[in-house]
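# Coordinate analysis (summary)
Single-letter residue listing:
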Amino acid sequence: MGKGMKEFSISKVLYYGVITIEIVIASIVTLLFPADLVLDLGWKKYSAEDIEKNYREYAGLPAGEGINQITDVEEFHQSYLKYATFETDSIIPLDVYRLKSLKDKRRTAKSGRRIVYRGNRETYVKKFPVERVLYNRYYLVRLPDKNYIIAYLDDAYYFKYLLRGKVQLPIGQMEYIPSNEKTYFASCVEEYGLEAEEVMVMFSEERYEKCEIVNFLILIAVWIVVMVILCLMNELVASMWKKIWGK
């Protein structure tokens, strides 16, 4: 009886331990997955003609025909507030993160009967943000002339780069880095000989806010898919174990 109870307890512990690990893995994958990777599949590519016809924010949206193609670092320096794009074959992630939307900088939460105001840092440095899903990362991207520039690039394009080896970047707009953020890039500026004055903004805060619910649903779907895959793998391993050891 004691032996049976012991085996029963061990099997239960192993079972719940595996389930817990699967949930953690699925949650981490979901936390890191950029929902824009799915949005871009059906999103319109904006051309130079679209930009001329409609005044709106285009930085971070898929680039279509006629968008100015940057070929070297000099063209980048001269592109202040002008829309441009280019293809890159090297993207290096930096340990600097910025809130996708400033509206997430201050949020409310209920604590009993009280309403508590909680703040999120506008920019995180070095340390991985606890709420990664609210942040987008900074990257170094290589221009066609092999020089690197700093870019606030949509995370989805880093995933595309990892899959393909090179990627056509979204529409971008060169802006000057706020003085309080320049020190965040000191190490990469020294290593790559960059100028910590300019950044290519290639993330659409407007689209993120507009599609916030859709993004949330995409991430839920990702979590479910990952959990299903992990459970199927678990069942497959268990089945193979029984065939080999007869238990």
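Below, the structure is looked at part by part.

Another aspect to go through is unusual backbone geometry. Backbone geometry places lysine 146, a non-glycine residue, at a positive phi of 80 degrees. Along the chain, lysine 146 turns up in the loop between strand E8 (135-142) and strand E9 (148-153).

Restricting attention to buried positions, one finds in helix H5 (residues 155-164) the residues Asp155, Ala156, Tyr157, Tyr158, Lys160 and Tyr161. Its buried side turned inward, H5 meets helix H2 (36-42), strand E4 (91-99), E8, E9 and strand E10 (167-168). The positive-phi residue at the C-terminal boundary of H5 is glycine 165, with phi of around 90 degrees.

Before going further, it helps to spend a moment on the nonpolar core. Counting residues in hydrophobic clusters, the biggest one holds 28 residues, and the most contacted among them are Tyr138, Ile150 and Phe185. Among the secondary structure elements, those contributing two or more residues to this core are E4, E8, E9, helix H6 (186-192) and strand E12 (198-202).

Taken as a whole and judged by the stated rule, the model has 11 aromatic pairs. Arranged with centres 5.4 Å apart and planes meeting at 65 degrees, the rings of tyrosine 46 and tyrosine 58 form a pair that is edge-to-face. With tyrosine 46 in the loop between H2 and helix H3 (48-53) and tyrosine 58 in the loop between H3 and strand E1 (68-69), the pair connects residues that are 12 residues apart, well separated along the chain. The pair tyrosine 46 / tyrosine 58 is uniform in exposure class, with both members buried. With a centroid separation of 4.9 Å and 40 degrees between ring planes, the pair formed by tyrosine 80 and tyrosine 176 is classed as tilted. Of this pair, tyrosine 80 sits in the loop between helix H4 (73-77) and strand E2 (83-85) while tyrosine 176 sits in strand E11 (residues 172-176), and the two are 96 residues apart along the sequence. For tyrosine 80, a relative accessible area of 41% translates into the label partly exposed. Each member of the aromatic cluster is reached from another via a ring pair, and the members are Tyr138, Tyr152, Phe185, Phe203 and Tyr208. A cation over a ring is seen here: arginine 98 above tyrosine 152, with NZ or CZ 4.5 Å from the ring centre. The ring of tyrosine 157 is capped by lysine 160, whose NZ or CZ atom sits 4.1 Å from the centre of that ring.

Going through the model one piece at a time under the given rule, you end up with 10 salt bridges. Aspartate 36 serves as the salt-bridge partner of arginine 207, at 3.5 Å between the closest nitrogen and oxygen. Of the two residues, arginine 207 sits in helix H7 (residues 205-210) while aspartate 36 sits in helix H2, which places them 171 residues apart along the sequence. Side by side, arginine 207 and aspartate 36 carry an identical accessibility label, which is buried.

Reading the values: rules and limits
Residues numbered from 1 in each chain as written. Predicted model: local features only at pLDDT ≥ 70, side-chain atom pairs only at ≥ 80, totals over all residues. Heavy atoms only, no water. Helix = DSSP H or I, 4+ residues; strand = E, 2+ residues; numbered from the N terminus. Buried < 20%, exposed > 50% of the residue type's maximum accessible area, 1.4 Å probe, protein only. Contact = heavy atoms within 4.5 Å. Core = buried A, V, L, I, M, F, W, Y, C linked by side-chain atoms within 4.5 Å. Phe/Tyr/Trp six-rings, centres within 6.5 Å; stacked < 30°, edge-to-face > 60°. Lys NZ or Arg CZ within 6 Å of the ring centre and 35° of its normal. Salt bridge = Lys/Arg side-chain N within 4 Å of Asp/Glu carboxyl O.

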